[in-house]
Amino acid sequence: ILVGTMAFPASAASTYTVGDYTYSVNGNTVTITSYNGSATSVTLPTSVSINNTTVEPNAVGNAAFADNKNLKTIVIPEQYTSLGNGAFRNCVNLSSITINGNLDDLSSNSYYSNSGYDNYYSVFYNAGTGTNGITVTFGPKVKWVPAYLFATGHDKIDGIYPNVKTVNLSSSIQVIKKAAFNRCFNLENVNFENAVSLTAINEEAFRYCSSLKTANLPVSVETIGDRAFVECESLSSIIIPEKNTKV
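Attention in this report is confined to the structure presented alongside it. (Residues numbered from 1 in each chain as written. Predicted model: local features only at pLDDT ≥ 70, side-chain atom pairs only at ≥ 80, totals over all residues. Heavy atoms only, no water.)

### Description of the environment of isoleucine 160
Within the element layout of this structure, isoleucine 160 appears in the loop between β13 (144–145) and β14 (164–168). Judged by its relative accessible area of 23%, isoleucine 160 falls in the partly exposed class. Sequence separation between isoleucine 160 and threonine 129 is 31 residues, and the spatial gap between their C-alpha atoms is 7.1 Å. Once residues within four sequence positions are removed from consideration, isoleucine 160 is found in contact with Tyr125, Asn126 and His154. (Helix = DSSP H or I, 4+ residues; strand = E, 2+ residues; numbered from the N terminus. Buried < 20%, exposed > 50% of the residue type's maximum accessible area, 1.4 Å probe, protein only. Contact = heavy atoms within 4.5 Å.)

Listed below in C-alpha cells is the structure:
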C-alpha cells in the first residue's frame, strides 16, 4: 500500500533499506526482505517513508529473520497477509509470537519431509528450541489459522521442529486449517474454550502433537477433519460437541 506522490517502478520490484529493515516494493506488495537489527522484541512496522512516499508493509519475505539469535518476541500487525519460506527459521530464542492479521496459507512443502524442502519452506523451522516453549497468540480480528503455519516434516527425535508450547486462540477464529500445528510435539495447551466462533478443525491440524493432554472443543465446532488429532498420544480428554459435528 502506497501513500504519497512518488511513483514506484511497476515492472519490477525495487529494493530499499530504511533503518534496520530492507524492503522490496512491487506494486501494492511491500515486503520485508531482511532485518538487520539486534532487538529482542520486534513489532513489524506498519508504515515507512521511502523517498518521500509512505508505504505500508504487508508481507515478510523468505528467510527475512532467519538465524536471528536475539529475537525473543515478534508481533505481526493486522495488515500483514504473507509470511515467506523460512521467514523465522532458526530463531531459536523466540518465545512469543502474536499474529493479528489473516495470513495466507503456507506451502505444503513445509510438511512433507521426503520433499527435502522442510528446512527452507517451514516458516518457523527450529524456532524456539533454545527456550522453554513458544506462546502463540492470535489477535481479536483473526478469522483463521493458516494451513501449515507451524508444520514441519521432521520427527521428534530430530529436535528441530517449532517449539510451540501454548496456543491462545481468539474468539474470532472460525477455522484451523490443514496441518496448522502438525508435528508441534511440545504443544501442551490450546485454549479451545475461548474460540467461540470456531466451526472447523481441518485435517491433520494437530497431528503428532504428542504433548497435548486435553481438547475441550467449543459448541460452535461443526467439522473435525481426518486425522486432526491422530498420534496425540498424551490426549486423555477430548470434548466434542454433539450438535452438528461431523468427524
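This is not the end of the story, as more comes after the structure.
### Focus: unusual backbone geometry
Most peptide bonds adopt trans geometry, and most residues besides glycine take a negative phi value. Despite not being glycine, asparagine 52 has its phi angle at roughly 70°, a positive value. With respect to the helices, strands and loops of the structure, asparagine 52 is situated in the loop between β6 (48–50) and β7 (53–55). On the accessibility criterion, asparagine 52 (75% relative accessible area) is exposed. For arginine 183, which is not glycine, the phi dihedral falls at a positive 70°. By the element assignment, arginine 183 lies in the loop between β15 (175–176) and β16 (189–190). Arginine 183 gets classed as buried once you look at its relative accessible area, which sits at 11%.

### Notes on the pattern of salt bridges
Across all of its chains, the model carries five salt bridges by this definition. Across the pair lysine 177 and aspartate 105 runs a salt bridge whose closest N-O atoms are separated by 3.4 Å. A residue pair is termed long-range when its members are at least 10 positions apart, and lysine 177 in the loop between β15 and β16 and aspartate 105 in the loop between β11 (96–99) and α1 (118–121) qualify at 72 residues. Arginine 183 serves as the salt-bridge partner of aspartate 155, at 3.0 Å between the closest nitrogen and oxygen. Residue aspartate 155 is located in the loop between β13 and β14, and its partner arginine 183 is located in the loop between β15 and β16; the two are separated by 28 residues in the primary sequence. Connected through salt bridges with shared partners, the residues Glu204, Arg207 and Arg227 form a single ionic network. (Salt bridge = Lys/Arg side-chain N within 4 Å of Asp/Glu carboxyl O.)

### Focus on the sheet that holds strand β17 (residues 200–201)
As summarised here, the arrangement of the four strands in space is β13-β15-β17-β19, forming an open sheet in which the pairing is parallel. Pairing within the sheet leaves two strands with one partner each, and these edge strands are β13 and β19 (223–224). Note that β13 and β15 share two bridges and pair parallel. Bridge pairing in β15 links tryptophan 144 to valine 175. (Pairing = 2+ DSSP bridges.)

### Examining the packing of aromatic side chains
If you walk through the whole model with that rule in mind, you get 12 aromatic pairs. Taking 5.6 Å as the distance between ring centres and 10° as the angle between the ring planes, the aromatic pair formed by phenylalanine 150 and phenylalanine 181 counts as stacked. Of this pair, phenylalanine 150 sits in the loop between β13 and β14 while phenylalanine 181 sits in the loop between β15 and β16, and the two are 31 residues apart along the sequence. Here phenylalanine 150 falls in the buried class, since its relative accessible area comes to 0%. Judged by its relative accessible area of 0%, phenylalanine 181 falls in the buried class. With a centroid separation of 5.4 Å and an interplanar angle of 5°, the aromatic rings of phenylalanine 206 and phenylalanine 229 are classed as stacked. You can see phenylalanine 206 sitting in the loop between β17 and β18 (214–216) and its partner phenylalanine 229 sitting in the loop between β19 and β20 (237–239), a full 23 residues away along the chain. Take phenylalanine 206: its relative accessible area is 0%, and that puts it in the buried class. An aromatic cluster is defined as three or more aromatic residues linked by ring pairs; in this entry it consists of Tyr21, Tyr23, Tyr35, Phe65, Phe88, Phe124, Phe150, Phe181, Phe192, Phe206 and Phe229. Sitting above the plane of the tryptophan 144 ring, lysine 177 keeps its charged end 4.9 Å from the centroid. Here the basic side chain of arginine 183 rests over the ring of tyrosine 208, its NZ or CZ set 4.4 Å away from the ring centre. (Phe/Tyr/Trp six-rings, centres within 6.5 Å; stacked < 30°, edge-to-face > 60°. Lys NZ or Arg CZ within 6 Å of the ring centre and 35° of its normal.)

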